Amino acid sequence: MNRGAVGVHQLNDRLREALNPVGTEVTRFGRTFRVGDRVLQTVNNYDKDVFNGDLGWVTGVDHAAGGVAVSFEETGVDYDLSELDVLQPSFAITVHPAQGSEFPAVVVPLLTQHYPMLQRNLLYTAITRGRRLVVVVGSRRALAMAVRNDRPRGAQHDAGEKAFGEGDRKRVGTPCLTLGSRHPRHVLHRPAEPQSGPNPILPAAQGRATVQNPAPLMSSYRRSSNLAI
């Protein structure tokens, strides 16, 4: 979800102030871009060789020239101020653009106010984005609702559009916060993501995955130059 106290818009604003509080910035299309911010490309642009879902870092804001420079994993791209509508802040992203990628660590806020998006397949996608650490923050009730909800996405998607309006139709899903760099554009050897059906997210025989002490791992990412939550 984009809106609400734990939607990606609010999360990105608060995370920017905590992780990247100072820097040259520009505001366009209702979004603020600051040097050091992580951003997400939302459309394919073959001329610039960047594509929907690519993550990058703002490396320069030039008010005099009217441009913003962004460094992606494979290229550096210059944007005119009029082109910034194709970028969005991405300290936090929804599950939708995270599909097909993985990260060293993922934090998934999961609350009952996300009820239109509390679906088993979306939760599965979110928790399988993390390579080493996944932290689900929220309520047990919301987690249980998501695990039990194996209805086809169509009905839930329609309900979500009615509840949250036109502005959220392009990007829906539970917010997903990530630590570290994303894997290159395609991830190999990931398990198939279920769409619906009676199978649980993880077979009971596999037991419960636990992290005895995540503090050293979290600390190592916090010291990393490519930190992104």
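Residues numbered from 1 in each chain as written. Predicted model: local features only at pLDDT ≥ 70, side-chain atom pairs only at ≥ 80, totals over all residues. Heavy atoms only, no water.

The next thing to look at is the pattern of salt bridges. Here the structure, examined in full by the defined rule, presents 6 salt bridges. For the salt bridge of Glu 17 with Arg 34, the shortest nitrogen-to-oxygen distance reads 3.4 Å. Here Glu 17 is found in helix H1 (residues 8-19), whereas its partner Arg 34 is found in strand E2 (residues 31-34), with 17 residues between them in sequence. Among the residues examined, Arg 34 registers a relative accessible area of 6% and is labelled buried. Residues Glu 102 and Arg 131 are paired through a salt bridge, measuring 3.9 Å at the closest nitrogen-oxygen approach. Taken together, the residues Glu 102 in the loop between helix H2 (95-98) and strand E9 (103-110) and Arg 131 in strand E10 (residues 130-138) connect sequence positions 29 residues apart. Looking at Arg 131, the relative accessible area reads 42%, which means it is partly exposed. Among the charged side chains, a salt-bridge network with shared partners connects Asp 13, Arg 16 and Asp 37. (Salt bridge = Lys/Arg side-chain N within 4 Å of Asp/Glu carboxyl O. Helix = DSSP H or I, 4+ residues; strand = E, 2+ residues; numbered from the N terminus. Buried < 20%, exposed > 50% of the residue type's maximum accessible area, 1.4 Å probe, protein only.)

It is worth spelling out the pairing of strand E1 (residues 25-28) at this point. Summarising the sheet, E1 and E2 pair through 4 bridges and their orientation is antiparallel. The residue bridging Arg 28 from the neighbouring strand is Arg 31, located in E2. What sits between E1 and E2 in their antiparallel hairpin is a turn of 2 residues, with Phe 29 showing a positive phi close to 55 degrees. (Pairing = 2+ DSSP bridges.)

Here we come to the environment of Val 134. Among the secondary structure elements, Val 134 is positioned in strand E10. On the basis of relative accessibility, which here comes to 29%, the residue Val 134 falls in the partly exposed class. Val 134 sits 26 residues away from Val 108 along the chain, and the two C-alpha atoms are 7.6 Å apart. Discounting residues that sit within four places of it in the chain, Val 134 has contacts with Val 106 and Ile 127. (Contact = heavy atoms within 4.5 Å.)

Glancing now at the sheet that holds strand E4 (residues 55-62). Hydrogen bonds along the backbone pair up the strands of a sheet, which may run parallel or antiparallel. Ordered by their spatial adjacency, 5 strands build an open sheet running E6-E5-E4-E3-E7, and the pairing between neighbours is antiparallel. With partners counted over all chains shown, the strands left at the sheet margins are strand E6 (76-80) and strand E7 (87-89), one partner each. Averaged over all adjacent pairs, the angle separating strand axes in this sheet is 40 degrees, with direction ignored. With 6 bridges joining them, E4 and strand E5 (residues 67-72) adopt antiparallel strand pairing. By the bridge assignment, Gly 56 is partnered in E5 with Phe 72. (Axes fitted to C-alpha atoms, helices over the stretch in contact; angles between N-to-C directions.)

This part is about the side chain of Asp 37. Here Asp 37 lies in the loop between E2 and strand E3 (38-41). Among the polar contacts made by the side chain of Asp 37, one reaches the side chain of Asn 20 at a distance of 2.7 Å. Excluding residues that lie within four positions of it along the chain, Asp 37 makes contacts with Arg 16, Asn 20, Thr 32, Gly 56, Trp 57, Val 58 and Phe 91. (Polar contact = N/O pair within 3.5 Å; in protein donor to acceptor, adjacent residues only side chain to side chain.)

Before going further, it helps to examine the confidence of the model for the chain. Segments scoring low in pLDDT should not have their predicted coordinates read at a detailed level. On average, residues of the chain carry a pLDDT of 75, and 66% of them reach 70 or more. Overall, residues 159-172 carries pLDDT values under 50, and its contacts beyond four positions in sequence, including any with other chains, amount to 27 contacts. (pLDDT = per-residue confidence, 0-100.)

On to the nonpolar core. By size, the foremost hydrophobic cluster in this structure holds 15 residues, and its most contacted members are Val 26, Val 68, Val 70, Tyr 79, Leu 84 and Leu 87. Mapped onto this core, the elements with two or more residues apiece are E4, E5 and E6. Sort the elements by how many residues they give to this core and E5 lands first, with 3 residues. If we skip the residues at most four places from it in the chain, Tyr 79 touches Gln 41, Lys 48, Val 50, Gly 66, Gly 67, Val 68, Val 70, Phe 72, Leu 84, Val 86 and Leu 87. (Core = buried A, V, L, I, M, F, W, Y, C linked by side-chain atoms within 4.5 Å.)

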